[in-house]
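Notes for the structure review
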Amino acid sequence: MLALSMLTTAAAALLINGAAFLLPSLVADRGLTLSTAGIVVAMPTVGVLLTLFLWGALVDRYGERGVLVAGSLLTAGAAAGAAATDTDTGLSICLLLGGMAAASANSATGRVVVGWFPAHRRGLAMGIRQMSLPLGVALSSLTIPTLARDHGIGTAMLLPAGACLLAAVGCAVGIVDPPRPSRSDALDGGMYDNPYRGSDSLWRIHLASVLLVVPQYVVWTFALVWLMTDRNFTEESAGLLITATQILGALGRIGAGALSDRVGSRMRPFRWIAIATSVTMGLLALTDELDSWVSIALLVVASVVTVAPNGLAFTAVAEIAGPFWSGRALGTQNTSQYVAASLVPPLFGAAITAFAFPVAFAISAIFPALAVPVIPRDRSME
């Protein structure tokens, strides 16, 4: 269950997050400005936010396996369409549709992990599942820029198409929906009750996650361009460094999940990482302004800490919402994050164009600092 959840999430990431690595080709080969190209590569995240809640509701109603198979097949089809088109408009539409389909992986794979692992091992298991996202980004950074440069954007889009097709086959063969209480037991235990009523914990986790996703997507979207333009990396060397940082980020998610199991809380590590993210982005802005090589090391650190809290919030939301609301709650969690994520490329692309990278890094440091007091109090894991 865990391996297939990872495969499906990583395959979806090749489209959703891999689109950012088309930026150099869109600017150099198609003559788009950085802000306009930022809008194109933001289309998958826009598509994701449009359908996350719907996919979550389908998971609550019909289960995980069917959603994963259908969503992966639709994502593969949209990626194939992106490979076939030769216009910026067609590419944008296919990336939008691909994001709408790829959203299916978020709630469904999270539910598979939460449903099959006990609470005292769930943080580690979710951290392993969550590492598939940076691994997908790492594979994207290693392959998509080079494929797009040497063979065209269409060829680069065949990679997510094939990966999502493989994920669909794997889920059809191997995924088993996790057990849930019977309807009568659920009614007696209040599991159908709306978890958003009577407590603000879910809302506060959603808000804190939105604030923390801003520096994450600043790093993901612009690291390649920053290394090439401000630090004079070649495209290949920049891609290799980003690949390494994404692997470290994947390990960081596992560490954060294991730590939450050990301390018996999701929210305390969540708060610690928010503080570390704000400090790291602030130092990155300062060292970049000073033109120091230390900024490269801090980019590596930022690539780790900005992705580390996602699994903690994801697990906490599923635990609080319960088996009959977690699909919708996780859909809400990811929808709110992708609203912010879809705004990052065009807005911060414009900020970088008007000012410079240090200003963008400094602005992104403010958001995790604001998240610290929003994170709710610790709660016992169930």
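I will try to describe carefully the structure that is included in this document. Just so you know, these numbers come straight off a predicted model, no measurement behind them.

What counts and what doesn't
- Residues numbered from 1 in each chain as written.
- Predicted model: local features only at pLDDT ≥ 70, side-chain atom pairs only at ≥ 80, totals over all residues.
- Heavy atoms only, no water.
- Axes fitted to C-alpha atoms, helices over the stretch in contact; angles between N-to-C directions.
- Helix = DSSP H or I, 4+ residues; strand = E, 2+ residues; numbered from the N terminus.
- Left-handed = near helix turned anticlockwise from the far one by under 90°.
- Contact = heavy atoms within 4.5 Å.
- Nonpolar A, V, L, I, M, F, W, Y, C, P; charged D, E, K, R; others polar.
- Expected span 1.5 Å × (residues − 1).
- Phe/Tyr/Trp six-rings, centres within 6.5 Å; stacked < 30°, edge-to-face > 60°.
- Buried < 20%, exposed > 50% of the residue type's maximum accessible area, 1.4 Å probe, protein only.
- Lys NZ or Arg CZ within 6 Å of the ring centre and 35° of its normal.
- Core = buried A, V, L, I, M, F, W, Y, C linked by side-chain atoms within 4.5 Å.

**What about the packing of helix H12 (residues 201-229) against helix H14 (residues 267-289)?**
- H14 packs onto H12 with a crossing angle of 35° between their chain directions and a minimal axis gap of 11 Å. Crossing geometry of H12 relative to H14 is assigned as left-handed. Between H12 and H14, the residues in contact are Ile205, Ala208, Ser209, Leu212, Pro215, Val219 and Trp226 and Met267, Phe270, Ala274, Thr277, Met281, Leu284 and Asp288, respectively.
- A breakdown of the residues in the contact of H12 with H14 according to their chemical character gives 11 nonpolar, two polar and one charged.

**Some remarks on helix H13 (residues 235-263)**
- The terminal C-alpha atoms of H13 lie 41 Å apart, and with 29 residues this matches the ideal 42 Å at 1.5 Å per residue to within 8%.
- Gly264 sits one or two positions beyond H13 and adopts a positive phi of about 75°.

**Digging into the packing of aromatic side chains**
- Using the criterion set out here, one finds four aromatic pairs in the structure.
- When the centroid spacing of 4.7 Å and the interplanar angle of 50° are considered together, the rings of Tyr196 and Trp203 count as tilted.
- For Tyr196, a relative accessible area of 14% translates into the label buried.
- Here the aromatic rings of Tyr217 and Trp220 are separated by 5.3 Å at their centres, their planes lie at 65°, and the arrangement is edge-to-face. You can see Tyr217 and its partner Trp220 sitting in helix H12, three residues apart, about one turn around the helix. Residues Tyr217 and Trp220 agree in their burial class; the two are buried.
- Among the aromatic residues, those joined into a cluster by ring pairs are Trp226, Phe357 and Phe361.
- Just above the ring of Tyr62 sits the side chain of Arg61; from NZ or CZ to the centre is 5.0 Å.
- Its guanidinium or amino end placed over the ring of Trp325, Arg328 lies 4.1 Å from that ring's centre, counting from NZ or CZ.

**A closer look at helix H15 (residues 294-305)**
- In this model, H15 (12 residues) spans 17 Å end to end at C-alpha, consistent with the 16 Å of a helix rising 1.5 Å per residue.
- Turning to H15, its buried residues are Ser295, Leu298, Leu299, Val300, Ala302, Ser303 and Val305.
- Close packing links the buried residues of H15 with H12, H13 and H14.

**A few points about the nonpolar core**
- Core analysis: the largest hydrophobic core is formed by 79 residues, its most contacted members being Leu22, Leu26, Leu95, Met157, Tyr338 and Phe361.
- The element that contributes the greatest number of residues to this core is H12, accounting for 13 residues.
- Leu22 has contacts with Val41, Ile144, Ala148, Ile153, Ala156 and Met157, leaving out every residue within four places of it along the chain.
- Formed by 36 residues, the second largest nonpolar core is a distinct cluster that contains Met131, Ala274, Ala316 and Trp325.

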